[in-house]
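Per-entry structural report
Read off the chains here:
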Amino acid sequence: MKNGDFEPRIVGILCNWCSYAGADLAGISRIKYPANIRIIRVMCSGRVEPTFVLKAFAEGADGVLVSGCHPGDCHYGEGNYKAYARKVLIEKLLHQFGIEKERFKLTWVSANEGERFAQIVSEMVSEIKEIGPYRPPRERMRELQPGAGTPPAPGWLAEEELETAVAGGAVAGE
Amino acid sequence: MPDVRIGVYVCHCGSNIADKVDCAGVAEFAGGLPKVTIARDYQYMCADPGQDLIRKDIKDHKLNRVVVASCSPRMHEPTFRKTLESAGLNAYFFEMANIREHVSWVTEGREQATEKAKALVAAAVARVFYHEPLYERFADMNKRTLVVGGGIAGIEAALKIAASGNQVVIVEKEPSIGGNMAKLDKTFPTLDCSACILTPKMVAAAQDENITLYTYAEVEKVEGYVGNFQVTIRKKARSVDMDKCTGCGICYNKCPAKVPNEFDEGLGMRKAIYVPFPQAVPNKPVIDRQNCTYFQKGKCGVCSKVCPTGAVDYAQEDQLVTEDFGAIIVSTGFETLDPTLGPQWGYGRYDNVITALQFERLVNASGPTQGKVVLKDGTVPKRVAVLHCVGSRDLNFREYCSRFCCMSSLKLAHLAKEKTGGEVYSFYIDMRAFGKGYEEFYNRVMEEGIHFIRGKGTEVIQRAGELFVRTEDTLLGKYREVPVDLVVLNVATVPRADAEKVAQTFGIQRSPDGFFLEAHVKLEPLKTATDGVFIAGGCQGPKDIPDSVSQGAGAAAEALSLIEAGKVKISPVVASVDEARCGGCKACLALCPYGAVDFDDEKKVAVVNEAVCKGCGTCAASCASGAMGVRHFTDEQILAQIGEVLAV
């Protein structure tokens, strides 16, 4: 793929008690990792609404990382379990919006896992480099069918249909 | 809304940030962001001149929002909030961009670091625009403290608090206070008798007019929050009227039902109506209904017949009482690893393999053998093996070091030598004599002629009726089988079997080893995730007596500092309901881990109890109508931040 120069932009939404502190520890330990992630702090991963994730993609993020405390370690008892339950919903929504679910990640990083945080970011950056830049399905559709008028709203396009369209378009373009 | 005027300050942190980030460039960029009145970069924002700069600008430029781009908010957010307050601005009109821990310290290239710093500053500026003034509030502090667990840590905590003139209630699950320490014979390194130093404290606790003892009782439920806990305590039916009983002891002398005595680690027998040990506090018996002939078969009734005061009361029932407390100290102690989990240790398979606590009971003058160390057949052993680290420092059982067992093993070796005059072998991996006077004690025991074998006692076998301890003697570089008569296993210290239930009841977290988790491993050893709930002693991790006593006293200081303040500060970062939008679906009620959301049946809307709410925001994230929000983490604020963090 032509992703050589592509530098993905990732929004990280981290819980205050574990993952944000873990990211702080990566800094204190001077562990270097790619600058592609921009971190936002919430008190608990349980605060993360699906809207936050969708907003990040709408603003042009190529990936979203949500990270909380390890199961059993949540500062608020079980907020991270709520985040985990919501992950299913978020992945479903992403699917409906035609966004690859690999662009979204939910991880657990404790306050003493600076190294692990750096590693998660590094891995996510290279994975998203593989997938390529995020482009809204609408944009992709337009490229496939030049002059075909306004394509259907991407929200109603199932991923399978999109894949078919993309595959068909690629053949047509050659 | 008055015109928003934002000041942005980019900190160099000496060279910590400036080495990787073009701070002047970031300030210049910030100066061009909407609503930013002034943007500067400066050497050290947290130092007095840096803070003065902010104060002066607030005055001169009429700033009403401030962004500082420097270190982690976990570090200096409180500092700058105070700066704003001192300049007459609400502390919550402040936002921090973390360009040190999250940028300069983790990024290779200067260009990428500068760009990332700009993005974080833009996001902070966008967020602070939506900030609202918030005010800390105060709730009254109940001055009574609950101590759960009457071992040495709990007793110490209770005595300290009582000495200040404040009320304490000790809830102890067993019929007597005293805990694990009451079972010990001597204590290292001074070899003073455990009971001699413990029982005066037990008696002092019982006699103190500020201390109420609930023995044979357990905490069922904890509601409320720091300063105002409502605790439901189950006072188990003792079957003996405590007011009438004089503790004369006729009942347990006459009782015909005999059962193994837990206090003697199953070595001796007790009756069905019993006091666990002679120095018990309170020294009044309890009927073990499972083993009582009257309760099991409906006949007998001897104790009732012989009681001179008519104190035996078979009809007594469990009592539930609810009391109010301001602070709670959890000091529920520890247990030891079940030695049958490692069949290689021979426990339960061979007669003369016992645990360290059983050995303590053997050497104790009030124990089942009146202090004589004897084998099952009644003879005195000529060779005794003491095994350190049984199940400790062992990935198959417990990874951690049980901390006090080197010293207790040394003490047991000394006592074995003293009591039997035979050969004593100590099998150890490393000798950890870490405390005051401990190394000296180790030297003393070595001089007594104990055989120290540097090698873990990995297996106990029996051949032709003789016990052998197998080890790899790492000093000789040889495998050895040492023939002995008695094996003492110093088994690992483990969390109590009910630790999970207790943790849930009090809102305490647990570390991977299963012990209760402190708020900070180094700096907050006594606090927990729940404000007003403190931990002390062996429930937090293996601890010797001096450490448990120190923690008990420390926990008392924590509780007293709350009590003396008289008020508890309540963070304004809590959930709030927009009643007009609330659909009354009650989803948030079930999600709240603290039960902080109630339902107003008249208005049909959710209501947040701000004193209980901790501000995690799980409710807000799940609210279908967007009625539930969290102050200082509102949707507007977070969405603005997400939008701008990608703008650069």
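What counts and how
- Residues numbered from 1 in each chain as written.
- Chains lettered and ligands numbered in written order.
- Predicted model: local features only at pLDDT ≥ 70, side-chain atom pairs only at ≥ 80, totals over all residues.
- Heavy atoms only, no water.
- Disulfide = S-S within 2.5 Å.
- Domains from an automatic or database assignment.
- Helix = DSSP H or I, 4+ residues; strand = E, 2+ residues; numbered from the N terminus.
- Buried < 20%, exposed > 50% of the residue type's maximum accessible area, 1.4 Å probe, protein only.
- Axes fitted to C-alpha atoms, helices over the stretch in contact; angles between N-to-C directions.
- Parallel < 35°, antiparallel > 145°, perpendicular 65-115°, else oblique.
- Left-handed = near helix turned anticlockwise from the far one by under 90°.
- Contact = heavy atoms within 4.5 Å.
- Nonpolar A, V, L, I, M, F, W, Y, C, P; charged D, E, K, R; others polar.
- Salt bridge = Lys/Arg side-chain N within 4 Å of Asp/Glu carboxyl O.
- Buried area = accessible area lost by both parts, 1.4 Å probe.
- Polar contact = N/O pair within 3.5 Å; in protein donor to acceptor, adjacent residues only side chain to side chain.
- Pairing = 2+ DSSP bridges.
- Phe/Tyr/Trp six-rings, centres within 6.5 Å; stacked < 30°, edge-to-face > 60°.
- Lys NZ or Arg CZ within 6 Å of the ring centre and 35° of its normal.

Focus on the state of the cysteines
A covalent bond between the sulfur atoms of two cysteines is what we call a disulfide. Residue and element names in this part refer to chain B. Applying the stated criterion to the full structure yields two disulfides over all chains. Here Cys193 is linked by a disulfide to Cys196, with a sulfur-sulfur distance of 2.2 Å. The sign of the S-S torsion, about 95°, decides the handedness of the disulfide formed by Cys193 and Cys196: right-handed. Not engaged in a disulfide, the cysteine Cys248 finds its nearest cysteine sulfur in Cys251; these two sulfurs lie 6.2 Å apart. Sulfur of Cys406: no disulfide; nearest cysteine sulfur belongs to Cys389 and is 5.7 Å away.

Some thoughts on the domain arrangement of chain B
Under the domain assignment, chain B is made up of domain 1 (6–134), domain 2 (145–236 + 318–333 + 508–565), domain 3 (250–306), domain 4 (336–494) and domain 5 (575–631). Put simply, the middle of domain 1 of chain B and the middle of domain 3 of chain B, counted by C-alpha atoms, are 70 Å apart.

Focus: unusual backbone geometry
Residue and element names in this part refer to chain B. Residue Phe188 is joined to Pro189 through a cis peptide bond whose omega torsion reads -5°. Mapped onto the elements of the fold, Pro189 is located in the loop between β8 (186–187) and β9 (192–193). Omega for the bond connecting Val281 with Pro282 falls within 30 degrees of zero, at 0°, which places this linkage in the cis form. The topology assignment puts Pro282 in the loop between β15 (273–274) and β16 (286–287). The backbone of Arg403 sits at a positive phi, close to 75°, despite the residue not being glycine. When its relative accessible area of 32% is taken as the criterion, Arg403 is described as partly exposed. Backbone geometry places Lys586, a non-glycine residue, at a positive phi of 70°. If you trace the backbone, Lys586 turns up in the loop between β31 (575–577) and α16 (587–591).

Side note on the packing of helix α6 (residues 152–163) of chain B against helix α15 (residues 545–565) of chain B
In helix packing, the relevant descriptors are the interaxial angle and the interaxial distance, both defined with respect to the helix axes. All names here are of chain B. One can describe the packing of α6 onto α15 by two numbers: an axis separation of 7 Å at closest approach and a directional angle of 40°. Taken together, the axis directions place α6 and α15 in an arrangement best described as oblique. At the point where α6 passes α15, the crossing takes the right-handed sense. Across the interface between the two elements, Ile152, Ala153, Glu156, Ala157, Lys160 and Ile161 of α6 pack against Ser548, Val549, Gly552, Ala553, Ala556, Ala559 and Leu560 of α15. Partitioning the contact of α6 with α15 into residue classes produces nine nonpolar, two polar and two charged.

A few points about the pattern of salt bridges
Residue and element names in this part refer to chain B. This model, assessed by the stated rule, comprises 50 salt bridges over all chains. Across the salt bridge formed by Glu95 and Arg127, the nearest N and O atoms sit 3.7 Å from each other. Within this pair, whereas Glu95 is found in strand β4 (residues 94–98), its partner Arg127 is found in helix α5 (residues 110–129), the two being separated by 32 residues in sequence. For Arg127, a relative accessible area of 2% translates into the label buried. The residue Arg234 makes a salt bridge to Glu220 at a minimum N-O spacing of 2.9 Å. With Arg234 in strand β12 (residues 228–235) and Glu220 in strand β11 (residues 217–225), this residue pair connects regions lying 14 residues apart in the sequence.

Comments concerning the interface of chain B and chain A
Of the residues lining the interface, 44 residues belong to chain B; the matching set on chain A comes to 44 residues. Across the chain B to chain A interface the summed buried area is about 3900 Å²; carbon plus sulfur atoms make up 58%. Per-residue buried area on chain B facing chain A is highest for B:Arg74, B:Trp105 and B:Leu646; these three make up 18% of the total on that side. Among the ionic pairs, A:Arg41 bridges to B:Glu77, the shortest N-O distance being 3.2 Å. Remark: the boundary between chain B and chain A carries 17 residue pairs in polar contact (both at pLDDT 80 or more). Contributing elements (two or more residues each) for the side of chain B that touches chain A: α3 (73–86), α4 (100–104), α5, α17 (618–622) and α18 (635–645) of chain B. With seven residues, α18(B) is the largest single contributor of residues to the side of chain B that touches chain A. Of the residues that constitute the side of chain B that touches chain A, the class distribution is 20 nonpolar, 14 polar and 10 charged.

Let's talk about the sheet that holds strand β20 (residues 353–355) of chain B
Residues and elements named next belong to chain B. Pairing is parallel across the open sheet formed by five strands, whose spatial order is β20-β27-β21-β22-β23. Two strands in the sheet have a free side with no partner beyond their single neighbour: β20 and β23 (451–454). Direction aside, the axes of adjacent strands within the sheet are offset by 20° on average. Of the strand pairs in this sheet, strand β21 (residues 383–390) and strand β22 (residues 423–428) are connected by five bridges, and their pairing is parallel. From the neighbouring strand, Ala385 faces β22, where its bridge partner is Tyr425. Packing of helix α12 (residues 405–420) onto the sheet brings it into contact with β21, β22, β23 and β27 (486–491), and relative to β21 it is tilted by some 175°.

Focus on the sheet that holds strand β24 (residues 457–463) of chain B
Residues and elements named next belong to chain B. Strand order in this open sheet of three strands is β24-β25-β26, and the pairing throughout is antiparallel. Of all strands in the sheet, those with a lone pairing partner are β24 and β26 (478–484), marking the two edges. Strand after strand, the sheet turns through a mean of 25° between neighbouring axes, direction not considered.

Description of the packing of aromatic side chains
Scanning all chains against the criterion turns up 18 aromatic pairs over all chains. Seen from their ring centres, A:Trp17 and A:Tyr76 are 6.5 Å apart, and the 75° between their planes marks the pair as edge-to-face. A residue pair is termed long-range when its members are at least 10 positions apart, and A:Trp17 in the loop between β1 (10–15) and α1 (19–28) and A:Tyr76 in the loop between β3 (63–68) and α3 (79–96) qualify at 59 residues. Their ring planes at 80° and their centres at 5.6 Å tell us that B:Tyr442 and B:Phe452 sit as a pair that is edge-to-face. Of the two residues, B:Tyr442 is situated in helix α13 (residues 438–447) and B:Phe452 in strand β23; the sequence distance between them amounts to 10 residues. Judged on exposure class, the residue B:Tyr442 and its partner B:Phe452 are both buried. One aromatic cluster in this structure is built from A:Trp17, A:Tyr76 and B:Tyr594. Note that B:Arg127 overlies the ring of B:Phe633, its terminal NZ or CZ placed 5.0 Å from the centroid. Seen from the ring of B:Phe599, B:Lys586 lies directly overhead, with NZ or CZ sitting 4.5 Å from the centre.

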